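# Inside the fold
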Amino acid sequence: MSSPAGAGAGGAGGAGLGGGARGGVICLAERDGATIAEASLKAVEFAASLAGPATGVAAVVFPQLGGAGTPELDASVLADCGATDVYLVQAADLNAYAPAAWARCLEQLVVSGGASAVVAAATDHGSEVLAHLGAMTGLPVAANCISAQPAGLSSWQLVRQRWAGSVLEDAVLEASCALLTVATDAVPSPSASSPSASSPSASSPSASSPAGVDGRPATHVVTPVLSQADLLVRATESAEQSSGMSLATARVVVGGGRGVGGPDGFAALEELAALLGGVVGVSRVVTSQGWRPHRQQVGQTGTKISPELYLACGISGAIQHMAGCLSARHIVAVNTDADAPIIAHAEYAVIGDLNEVVPALIAAIRARST
Amino acid sequence: MDVLVCVKRVPMVGGKVVITADGQDVDTRMSGFTVSPHEECAVEEAVQVSEREGGSVTVLTLGPPEAADQLRDMLALGAHRGVLLETDGREWGPIATAAAIVAAVGELAPATFPLILAGNEAADTGGYQVAIRVAHALGRPCATGIKRLELSGGTVRATREYRGAQEVFEIPLPAVVTVKEGINLPRYPSLPGRLRAKRADITVLRPQWQVDDLRKQALRVPPGAARRAQILGHGAAAVPALLDVLGEFGVLPTAVRDGGDGAAA
């Protein structure tokens, strides 16, 4: 076996990216229990859009914390997103997240398969692993891409986010292997594109070229060669936090900013959030004043939210804050200043003092339900 | 313990980003400058380490001569020494920046900096990689996105959150760690701190710019960022209209005594 990341003992397929897959695209696919994280599915679709019709798209899946005890992966979701091959990584010492080791494995797959690009969702794990891969190989990493197109041999035309999405950069990447992270909250969801689209569009290799039989991807087991240094940084424990409803996934977020005026003003926002089945989120000024804990912060340096409704009260709408709520379905602002930047981002606005509007809204909702 | 903290001078943007006419930069004629938010927390963390365990805090930045202002801001928070890797104002890519930091760490000996801190990502370019490249070049382990840092003996225990769970990394020193806002609440600079920072000498090194294989062509503000909200009204008088909108969005609680259909429209 010439490949350092060749098929392991239980391997179902050969080394590298499979036949006819030279110049293929490799994508890090993060597990989420028995399936693949939504962000990674988008990254696989992105990877498939980079691959030509005859090139492979290899999804690389690492063991979750818990190792052998994790449920068996349903690889069909990866095929639906355009993966032609699935690489299941197995190594004796690799039973938890280990960024340098993951990158080392990707490096070995790049070398053995001659990949033209490696893609990962721009999650904390994806960004970290690709940065390690860039450092190991000396290759540049383009972070937070929203589009990429081949522009000649080892040249790519990219659009990537700066300022957490408030600014876009057009860029050219010259690299023998393009290392890209994808700003997955800025590209369409996998469910939005139909896997059964049968139009002969040249831009949908994912739908038209399943590699294995029955549309299933060919599955391979790979065993990377890892050094002690690669394994020095490993997640040693992982405990679920029991902090009630998550800000990141709440259906309604009631936001409070400087206009709340102080720590005492948040009681009314908490009450309103509870009535609407949601949680309170705050702007950076609120946490830097110590009015509320940082875990409630929405924004570039806090949590990114994607609720059905973001009701932003007394929040001016600095770009760093808006970067955290770009994925909100509806934004409604309550603000004393009709010229505040938030008004340009909101769908509806009430001009007025939140300390007057919020209690009146609470009373109206209560009156309505009795 | 001697700690090195890497920071970056970035424009202080508020509600709106304006791009210069040539499309190459954020227009900063009307804005001040600051360091990225995570980095201010990195400096605070380093100052707390030095207060607890002794040792010094060196703050380093790569940027134009004016970036000395940001070093002085950090000195005012309690850092002891400022190092400016002075540039001609051109943008430096992550590979070149990491190489310049690594070279500076060598030049600043005898301080060996068992701990190098940085922010998780820069607020402007958001490359998520300079610290990791520095770690590899120095042969050190690296943990990123850290929200809690505990030093004991020759080990650092670093904790972060990922998808609602905690990840803990225990790594030996010397190490490189990037932190995220929320790890601490940075202090306000004291008046004596400000005065000391104003007078402090700043070490200036001049690294060589290198071309980056990721070349910026132009910056732009994404389309659709400039609509205007429909105004529902003013003050409490707008609440009925607001209630209608919330009903339309389907976020109102199901009414208890009106048959449960929660009709608000």
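Bear in mind that the values here come from a model prediction, so they are computed numbers and not experimental data.

Take the overall build of chain B next. Helix and strand counts for chain B stand at 6 helices and 14 strands. The C-alpha radius of gyration computed for chain B amounts to 23 Å, which surpasses the reference 18 Å derived for 265 residues by more than 25%, pointing to a less compact arrangement than a globule. Projecting the C-alpha coordinates of chain B onto the three principal axes gives extents of approximately 75 × 50 × 40 Å. Considering chain B as a whole, with its 265 residues, one finds that 45% of them fall into the buried category. Of the contacts made within chain B by residues no fewer than 6 positions apart, 68% connect residues no fewer than 24 positions apart.

This part is about the overall build of chain A. Tallying secondary structure elements over chain A gives 10 helices and 17 strands in all. By residue count, 56% of the 370 residues in chain A fall in the buried class.

All right, on to the environment of Ser 327 of chain A then. Residue and element names in this part refer to chain A. With respect to the helices and strands, the residue Ser 327 is situated in the loop between helix 8 (319–322) and strand 16 (330–335). Exposure remark for Ser 327: the 13 C-beta atoms within 10 Å place this residue in the partly exposed category. Sequence separation between Ser 327 and Ile 305 is 22 residues; the distance between their C-alpha atoms is 6.6 Å. Non-local contacts of Ser 327, meaning those with residues more than four positions away in its chain, are made with Asp 185, Lys 304 and Ser 306.

Moving on, we come to the sheet that holds strand 17 (residues 348–351) of chain A. The parallel open sheet is built from 6 strands, whose spatial order is 14(A)-13(A)-15(A)-16(A)-17(A)-14(B). Every other strand in the sheet has two partners, leaving strand 14 (279–282) of chain A together with strand 14 (230–234) of chain B as the edge strands with one partner each. Strand-to-strand twist across the sheet, computed as the mean angle between neighbouring axes with direction ignored, equals 20°. In the sheet, strand 15 (residues 309–313) of chain A pairs with strand 16 of chain A via 5 bridges, with the strands oriented parallel. For Leu 309 of chain A, the partnering residue across the bridge sits in strand 16 of chain A and is His 330 of chain A. Relative to the sheet, helix 6 (residues 239–249) of chain B contacts strand 15, strand 16 and strand 17 of chain A together with strand 14 of chain B, its axis offset from that of strand 14 of chain B by approximately 140°.

With 77 residues of chain A at the contact, the number on the chain B side is 72 residues. Counting residues per element, the side of chain A that touches chain B draws most heavily on helix 4 (residues 124–137) of chain A, at 9 residues. Taken together, the residues of the side of chain A that touches chain B sort by class into 41 nonpolar, 22 polar and 14 charged. Bridging between strand 17 of chain A and strand 14 of chain B involves 4 bridges; their strand directions are parallel. Across the sheet, Ile 351 of chain A pairs through a bridge with His 234 of chain B, a residue of strand 14 of chain B.

Looking now at the domain arrangement of chain B. Partitioning chain B into structural domains gives domain 1 (3–205) and domain 2 (230–265). Each of domain 1 of chain B and domain 2 of chain B has a C-alpha centre, and the two are 47 Å apart.

In this section: the sheet that holds strand 5 (residues 81–86) of chain B. Sheet strands pair by backbone hydrogen bonding; their relative direction is either parallel or antiparallel. All names here are of chain B. Pairing is parallel across the open sheet formed by 7 strands, whose spatial order is 7-11-6-1-4-5-12. If you trace the sheet from one side to the other, it starts and ends with strand 7 (142–146) and strand 12 (202–205), each paired once. Ignoring which end each strand starts from, the neighbouring axes of this sheet average 20° apart. Two strands pair when backbone bridges link them, and strand 5 and strand 12 are joined in this way by 4 bridges, in the parallel orientation. Note on strand 12: the bridge partner recorded for Gly 82 is Ile 202. In the packing of helix 3 (residues 94–107) onto the sheet, the strands contacted are strand 1 (3–7), strand 4 (57–63), strand 5 and strand 12, and the crossing angle to strand 4 comes to about 140°.

Turning to the domain arrangement of chain A, a few remarks are in order. All names here are of chain A. Splitting chain A by domain gives domain 1 (25–231) and domain 2 (252–368). Across the boundary between the two partners, domain 1 contributes 5 residues, which contact 8 residues of domain 2. Broken down by class, the residue content of the side of domain 1 that touches domain 2 amounts to 2 nonpolar, 2 polar and 1 charged.

Now for the packing of helix 6 (residues 266–275) of chain A against helix 10 (residues 354–368) of chain A. Residue and element names in this part refer to chain A. The interhelical angle for the contact between helix 6 and helix 10, taken along N-to-C directions, is 30°, at an axis separation of 10 Å. Between helix 6 and helix 10, the interaxial angle falls into the category roughly parallel. For the pair helix 6 and helix 10, the crossing hand works out as left-handed. Touching Ala 268, Leu 269, Glu 271, Leu 272 and Leu 275 of helix 6 are Val 358, Pro 359, Leu 361, Ile 362 and Ile 365, all from helix 10. A breakdown of the residues in the contact of helix 6 with helix 10 according to their chemical character gives 9 nonpolar, no polar and 1 charged.

The subject of this paragraph is the pairing of strand 16 of chain A. Residues and elements named next belong to chain A. Where burial is concerned, most of strand 16 is hidden: 5 out of the 6 residues are buried. Where strand 16 and strand 17 come together, 4 bridges link them in parallel fashion. Looking at strand 17, one finds that Val 332 is bridged to Tyr 348.

Attention now goes to helix 1 (residues 38–50) of chain A. Residues lying three or four places apart along an α-helix face the same way, a consequence of the helix completing one turn every 3.6 residues. Residues and elements named next belong to chain A. Across its 13 residues, helix 1 extends 19 Å between first and last C-alpha, which sits within 8% of the 18 Å expected from 1.5 Å per residue. Summarising burial for helix 1: 11 of the 13 residues are buried, a large majority. Those residues of helix 1 not exposed but buried are Ala 39, Ser 40, Leu 41, Lys 42, Ala 43, Val 44, Glu 45, Phe 46, Ala 47, Ala 48 and Leu 50.

Turning our eyes to something else, we now look at the packing of helix 3 (residues 99–113) of chain A against helix 4 of chain A. Residues and elements named next belong to chain A. Where helix 3 meets helix 4, the axes come as close as 8 Å, and the angle between the chain directions of the two elements is 60°. Classified by the angle their axes make, helix 3 and helix 4 are oblique. Crossing hand, helix 3 versus helix 4: right-handed. The residues of helix 4 that touch helix 3, namely those facing Pro 99, Ala 100, Trp 102, Ala 103, Arg 104, Leu 106 and Glu 107, are Glu 128, Val 129, His 132, Leu 133, Met 136 and Thr 137. Each residue belonging to the contact of helix 3 with helix 4 can be placed in one class, and the counts come to 8 nonpolar, 2 polar and 3 charged.

Averaged over every residue, the pLDDT of chain A is 85; residues scoring 70 or more account for 82%. The low-confidence segment residues 193–213 of chain A, where pLDDT is below 50, has 25 contacts with residues more than four positions distant or belonging to other chains.

The omega torsion across Leu 173 of chain B and Pro 174 of chain B is 0°, close enough to zero to call that bond cis. Along the chain, Pro 174 of chain B turns up in the loop between strand 10 (165–172) and strand 11 (175–179). The backbone of Ala 164 of chain A shows a phi angle near 55°, a positive value even though the residue is not glycine. Within the element layout of this structure, Ala 164 of chain A appears in the loop between strand 8 (155–162) and strand 9 (167–174).

Reading guide: rules and limits
Residues numbered from 1 in each chain as written. Chains lettered and ligands numbered in written order. Predicted model: local features only at pLDDT ≥ 70, side-chain atom pairs only at ≥ 80, totals over all residues. Helix = DSSP H or I, 4+ residues; strand = E, 2+ residues; numbered from the N terminus. Rg over C-alpha atoms; globule rule 2.2 N^0.38 Å. Buried ≥ 20, exposed ≤ 12 C-beta atoms within 10 Å, placed from the backbone. Contact = placed C-beta atoms within 7 Å. Pairing = 2+ DSSP bridges. Axes fitted to C-alpha atoms, helices over the stretch in contact; angles between N-to-C directions. Nonpolar A, V, L, I, M, F, W, Y, C, P; charged D, E, K, R; others polar. Domains from an automatic or database assignment. Parallel < 35°, antiparallel > 145°, perpendicular 65-115°, else oblique. Left-handed = near helix turned anticlockwise from the far one by under 90°. Expected span 1.5 Å × (residues − 1). pLDDT = per-residue confidence, 0-100.

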